[in-house]
Amino acid sequence: MNSLLLQCRPGFEGEAASEIQAHAERLGLSGFARTQASQGWVQWQMNDAAACETLMQSVRFAQLIFIRQWARGQFVDLPEKDRLTTLLGAFRAYPRVSQVWLEVPDTNDGKALAGFCKKFQAPLEKGMHKVGCLRANAPLPGRIQLFFLNSQRVFVGLVEQTNAAPWPMGIPRLKFPREAPSRSTLKLEEAWHHFVPREQWDDRLAPAMTAVDLGAAPGGWTWQLVQRHMRVTAVDNGPMDKALMDSGLVDHQRADGYVFEPRKPVDWMVCDIVERPARTAWLIEQWLGHGWCREAIVNLKLPMKTRYAEVQQILARLEDFFDDAGVRVSIGCKQLYHDREEVTCHLRRWN
Ligand SMILES: C[S@@+](CC[C@H](N)C(=O)[O-])C[C@H]1O[C@@H](n2cnc3c(N)ncnc32)[C@H](O)[C@@H]1O
C-alpha cells in the first residue's frame, strides 16, 4: 500500500503530480510520480504505507485542484479467470469497509471497460460480504476503490469516504437540461454541487436573490440562476437566448464586464469570460473587495503550459490582496469535470 492513485482530466497528469508533490514537500514527505501523458491518472510512489496514510490524512480532498479522485493502495495483477479470489486475497491487507466502487480512467480505453465493471460489481460485493470485508456498519467510513486499467490490472485503493470525491471517478452525473441555451450551463451547476453543500442551497441559492452574470451570452449560466428564481443582470454584448429573456427575471446589459458596476450589491457574481488569468483575478478583487457581491463563481482560463504554477500564483495574489485589504474571503478552486483548459474559483466574503 505504498502509493497513491490520483485521477485527473486527461492531459493534466503533470498538474496532478505537481500538486501532490507540493503537499508532500510541505509535510516533509517524499515520493515520485509515474505517469503517462493523457491517461488521466498518476501513480504517486512513496516509501511506505505509513507515508501514504500521513499524506492523505493531512490533506483535505476539498483543497485539491487538479486531482479529481484519489486512493492509497497498490496495483494488483489479476488472472484471466477467477479474478475474485485474487482480489479477496488482496483485501486481507485492508480494513473492513462499507462501500466498494469500481472506477476506470476517463479515456476511451477506460470507457470500454464500463461493461466489464458493471458485470463484476454484484459478484464482487457478494464475495466481499461473504468473507466479511464489506459491511454496511463498518466501524470506519472507508471505501475500497478499484481502478481498472484493463480486466487484468487494477489499483486496489482505500479512502475515507469523507475525504474523497463523492462521485465515482470524481465525475458528477449531471443531465444536460434541454431548455438550457448552452452546454456551459453544466459548469455552473457542477460548481454549486462542488462548492455549496446541498443542505445550504435553500439559503445560499435562494429565490429572489440577485445575481450578475458577466459574459452571459447565450445564457447557460443565467439559465441556472433563473432556475433558482434569482433576478439576474446578464452582461454581454452578444445576444441572449429569447426564451430565457421571456422569463422576465433577466435584465440584459450590453456592456463590458470589466467596466460594469452594479448599482446595488448583489448576492452572486458569476463570470465565464475568456480572459487572461491576471485580468480575471483583478475582476475578482474589484467585486469581492468592494463588496459588490457576497459570493462568486469565476472561471479561470488556463491557456499556458505552466498551468499549476499559474493557478498557485493567482490564488496567492488573491489571498495577499484580501489580507492587505482586511477583507475576509474564503477561496476555493477546482478543475471541475466540465472544465476544459480552465479551473473554477469560488469566493465568499465574510465581513
Ligand atoms: C464562454 S462564453 C459564455 C457562455 C455562458 N456562460 C453560457 O453559459 O452561455 C463567453 C462570453 O463572454 C463574452 N465576453 C467576452 N469579453 C467580454 C467582456 N469584456 N465583457 C462582457 N462579455 C464578454 C462573449 O461575448 C461570450 O458571450
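Residues numbered from 1 in each chain as written. Predicted model: local features only at pLDDT ≥ 70, side-chain atom pairs only at ≥ 80, totals over all residues. Heavy atoms only, no water.

## Observations concerning a negative patch on the surface
Thinking step 1. A contiguous patch of negative charge on the surface is contributed by Glu-319, Asp-320, Asp-323 and Asp-324.
Thinking step 2. Topologically, Asp-320 is positioned in helix α11 (residues 307-325).
Thinking step 3. On the basis of relative accessibility, which here comes to 46%, the residue Asp-320 falls in the partly exposed class. (Patch = residues over 30% accessible without salt bridge, like charges linked within 9 Å, V, L, I, M, F, W, Y side chains within 5 Å. Areas by Shrake-Rupley, 256 points an atom, 1.4 Å probe, with all protein chains shown as cover. Salt bridge = Lys/Arg side-chain N within 4 Å of Asp/Glu carboxyl O. Lys, Arg positive; Asp, Glu negative; His and termini not counted. Charge placed at Lys NZ, Arg CZ, Asp CG, Glu CD. Helix = DSSP H or I, 4+ residues; strand = E, 2+ residues; numbered from the N terminus. Buried < 20%, exposed > 50% of the residue type's maximum accessible area, 1.4 Å probe, protein only.)

## Description of the site of the ligand
Thinking step 1. Every one of the 17 residues lining the ligand counts as a neighbour, but Ser-182, Gly-220, Asp-236, Gly-257 and Asp-272 are closest to it.
Thinking step 2. Contacts to the ligand include Trp-221, whose backbone N or O atom sits 3.1 Å from an oxygen atom.
Thinking step 3. The class makeup of the residues in the shell around the ligand is eight nonpolar, six polar and three charged. (Near = heavy atom within 4 Å. Polar contact = N/O pair within 3.5 Å; in protein donor to acceptor, adjacent residues only side chain to side chain. Nonpolar A, V, L, I, M, F, W, Y, C, P; charged D, E, K, R; others polar.)

## Quick word on the pairing of strand β1 (residues 3-7)
Thinking step 1. When you tally the buried positions in β1, you get five out of five residues, the bulk of the element.
Thinking step 2. The pairing of β1 with strand β3 (residues 41-46) spans five bridges and is classified as antiparallel. Paired with Leu-4 across the two strands is Trp-44, which belongs to β3.
Thinking step 3. Bridge count between β1 and strand β4 (residues 69-77): five bridges; the pairing is antiparallel. Across the sheet, residue Leu-5 finds its bridge partner in β4, namely Ala-71. (Pairing = 2+ DSSP bridges.)

## Overview of the UniProt feature "active site" (unreviewed entry) in the protein
Thinking step 1. According to UniProt, the "active site" (unreviewed entry) feature falls on Lys-301.
Thinking step 2. Mapped onto the elements, Lys-301 comes out in strand β12 (residues 293-301).
Thinking step 3. Beyond its immediate sequence surroundings of up to four residues, Lys-301 is in contact with Lys-187, Asp-272, Ile-273, Val-274, Glu-275, Pro-277, Glu-341 and Glu-342. (UniProt positions renumbered as here; feature names shortened; annotations may be inferred. Contact = heavy atoms within 4.5 Å.)

## Observations concerning the pairing of strand β11 (residues 266-271)
Thinking step 1. Here β11 lies mainly inside the structure; six of its six residues are buried.
Thinking step 2. For strand β8 (residues 210-214) and β11, the ladder comprises four bridges, and the chain directions are parallel. Paired with Asp-213 across the strands is Val-270, a residue of β11.

## Points about the nonpolar core
As a rule of thumb, soluble globular proteins bury nonpolar side chains together.
Thinking step 1. Counting residues in hydrophobic clusters, the biggest one holds 35 residues, and the most contacted among them are Leu-214, Trp-287, Leu-288 and Leu-347.
Thinking step 2. Sorting the residues of this core by element identifies β8, β11, α10 (277-289), β12, α11, β13 (329-334) and β14 (342-349) as the ones contributing at least two each.
Thinking step 3. By residue number, the principal contributor to this core is α11, which donates six residues.
Thinking step 4. Viewed by domain, this core spans two of them, domain 1 (3-170) and domain 2 (185-349), each represented by three or more residues.
Thinking step 5. Non-local contacts of Leu-288, meaning those with residues more than four positions away in its chain, are made with Cys-293, Arg-294, Ala-296, Phe-322, Val-327, Val-329, Leu-347, Arg-348 and Arg-349.
Thinking step 6. With 27 residues, the next largest nonpolar core counts Val-76, Phe-91, Leu-146 and Val-156 among its residues. (Core = buried A, V, L, I, M, F, W, Y, C linked by side-chain atoms within 4.5 Å. Domains from an automatic or database assignment.)

## Quick word on the sheet that holds strand β6 (residues 142-150)
Thinking step 1. Strand order in the open sheet formed by seven strands is β2-β3-β1-β4-β7-β6-β5, with mixed pairing between adjacent strands. The sheet terminates laterally at β2 (31-35) and β5 (99-103), the two strands that pair on one side only. The mean inter-strand angle of the sheet, taken between neighbouring strand axes irrespective of direction, is 30°.
Thinking step 2. Where β4 meets strand β7 (residues 153-160), six bridges bridge the pair, whose relative direction is antiparallel. Counted as the bridge partner of Gln-74 is Val-156 from β7.
Thinking step 3. Lying on the sheet, helix α1 (residues 13-26) is in contact with β1, β2, β3 and β4; it crosses β3 at an angle near 30°.
Thinking step 4. Lying over the sheet, helix α3 (residues 83-90) contacts β4, β6 and β7, oriented at roughly 120° with respect to β4. (Axes fitted to C-alpha atoms, helices over the stretch in contact; angles between N-to-C directions.)

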